[in-house]
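Descriptive structure summary
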Amino acid sequence: GKDGRNPTFTVFENGEKVTFEITEEMYDAMKPTSEGLAYTNKVANTVSNAMRGVLTKYNPTFMLTNAIKDAQDVFINSQHSARTYKNFPKAIKELTTKGKWYTEYMQNGGADNTYFDKQTNSFNKEKSELSKIIGFPLEKISEANNFIERIPRLAEYIASREMGRTKEQSALDASRVTTNFSAGGNVTKVLNRNGFTFLNA
């Protein structure tokens, strides 16, 4: 993808060339990476993922500490912090009712990618029934953390859209209003996969 256009993927169906647009994440999943930057040590990666989970995703206290940090981040990173703070109640309502702004935000980059893991550069496997049962409490903590983390992002998205910004620019504003853990170059990502924790932050 160049000049702001999405990447494309081409296949042949019955001898006919068919080209369609794909997301940046799908492109990242398929594009060749140099061997050194594609390296993943399974043990180091497992340790990195466990550390990240304990510190954030599966940590009940993270709901409070992250909420405080994100509220401060808004003041520094927001394109219009006063409007974003004002939109916190609206964002909470949108998240709980899956309203118009929530739907638009999720369709334009707010949704988490569930099929491709950027940390391992691999597609996620279906969990076994036992894993689902054992992991149920942790998943609920993760969902609560995600809900809290989305409040300032959705509030920023709404504020940007109400200011007349495009969906794409508003989604970018939302991703940058708090620490964007998806950001980082190839070297940072390979280190994060292999023993480092949140080096990109």
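Now for a look at the structure at hand. Values in this document were obtained by computation on a predicted structure and should not be read as measured data.

Across its full length, the protein holds 10 helices and four strands. Per-residue burial for the protein yields a buried fraction of 29% across its 201 residues. At a minimum sequence separation of 6, the contacts of the protein that also span at least 24 residues come to 64%. Accessible surface, the protein as shown: approximately 12900 Å² in total, 57% of it carbon and sulfur.

What follows is about the side chain of Asn87. Assignment of secondary structure puts Asn87 in the loop between helix H5 (81-86) and helix H6 (88-97). Residues in contact with Asn87, not counting those within four places in the same chain, are Ala155, Ile158, Ala159 and Glu162.

Within this structure, the stated rule accounts for seven salt bridges. Across the pair Lys69 and Asp73 runs a salt bridge whose closest N-O atoms are separated by 2.6 Å. In this pair, Lys69 and Asp73 both sit in helix H4 (residues 62-77), four residues apart, roughly one turn of the helix. Judged by its relative accessible area of 30%, Lys69 is partly exposed. Between Lys90 and Glu162 there is a salt bridge, with its nearest N and O atoms 2.7 Å apart. You can see Lys90 sitting in helix H6 and its partner Glu162 sitting in helix H8 (residues 129-162), a full 72 residues away along the chain. A single salt-bridge network, built from bridges that share partners, covers Lys69, Asp70 and Asp73.

Attention shifts here to the pairing of strand E1 (residues 8-13). As defined by bridge partners, E1 adjoins strand E2 (residues 16-21) across six bridges and the pair is classed as antiparallel. From the neighbouring strand, Phe12 faces E2, where its bridge partner is Lys17. Linkage of E1 to E2, two consecutive antiparallel strands, is achieved through a turn of two residues, within which Asn14 is found at a positive phi near 50°.

Position of Leu154 among the secondary structure elements: in helix H8. Residues Leu154 and Tyr105, spaced 49 residues apart in sequence, show a C-alpha to C-alpha distance of 7.1 Å. The contact partners of Leu154, leaving out residues within four places of it in the chain, are Ala91, Glu94, Leu95, Trp101, Tyr102 and Tyr105.

Judged by nonpolar contacts, the single largest core of 16 residues is most densely connected at Tyr105, Leu154 and Tyr157. Of all the elements in the fold, those that place two or more residues in this core are H6, helix H7 (100-110), H8 and helix H9 (167-177). A per-element tally of this core places H8 first, with five residues. Leave out the neighbours within four places in its chain, and Tyr105 touches Gly110, Arg153, Leu154, Tyr157 and Ala174.

So, on to a nonpolar patch on the surface. A grouping of Phe9, Phe20, Met26 and Met30 is seen on the molecular surface, where their side chains present a nonpolar patch of about 330 Å² in accessible area. Look at Phe20 and you get partly exposed, because its relative accessible area is 37%.

Negative phi is the rule for most residues except glycine; trans is the rule for most peptide bonds. Located in the positive-phi region is Lys98, a residue other than glycine, with phi close to 50°. The residue Lys98 is located in the loop between H6 and H7 in this model. Residue Phe198 is not a glycine yet carries a positive backbone phi of 55°. Considering the arrangement of structural elements, one finds Phe198 in the segment after helix H10 (186-193). Residue Phe198 is classed as partly exposed on the basis of its relative accessible area of 22%.

The description of an aromatic ring pair rests on the distance of the ring centres and on the angle between the ring planes. Considering all chains together, one arrives at three aromatic pairs under this definition. Look at Tyr85 and Phe88: their rings are 5.8 Å apart centre to centre, the planes differ by 45°, and that puts the pair in the tilted class. Each ring, one from Tyr105 and one from Tyr157, has its centre 5.2 Å from the other, and the planes form 50°; the classification is tilted. Placement of Tyr105 in helix H7 and of Tyr157 in helix H8 is noted, with a sequence separation of 52 residues between them. With relative accessibility at 5%, the residue Tyr105 sits in the buried group. By relative accessible area, Tyr157 is classed as buried at 0%.

Definitions and limits used
Residues numbered from 1 in each chain as written. Predicted model: local features only at pLDDT ≥ 70, side-chain atom pairs only at ≥ 80, totals over all residues. Heavy atoms only, no water. Helix = DSSP H or I, 4+ residues; strand = E, 2+ residues; numbered from the N terminus. Buried < 20%, exposed > 50% of the residue type's maximum accessible area, 1.4 Å probe, protein only. Contact = heavy atoms within 4.5 Å. Areas by Shrake-Rupley, 256 points an atom, 1.4 Å probe, with all protein chains shown as cover. Salt bridge = Lys/Arg side-chain N within 4 Å of Asp/Glu carboxyl O. Pairing = 2+ DSSP bridges. Core = buried A, V, L, I, M, F, W, Y, C linked by side-chain atoms within 4.5 Å. Patch = residues over 30% accessible without salt bridge, like charges linked within 9 Å, V, L, I, M, F, W, Y side chains within 5 Å. Phe/Tyr/Trp six-rings, centres within 6.5 Å; stacked < 30°, edge-to-face > 60°.

These values are about where atoms sit, not about what they do.
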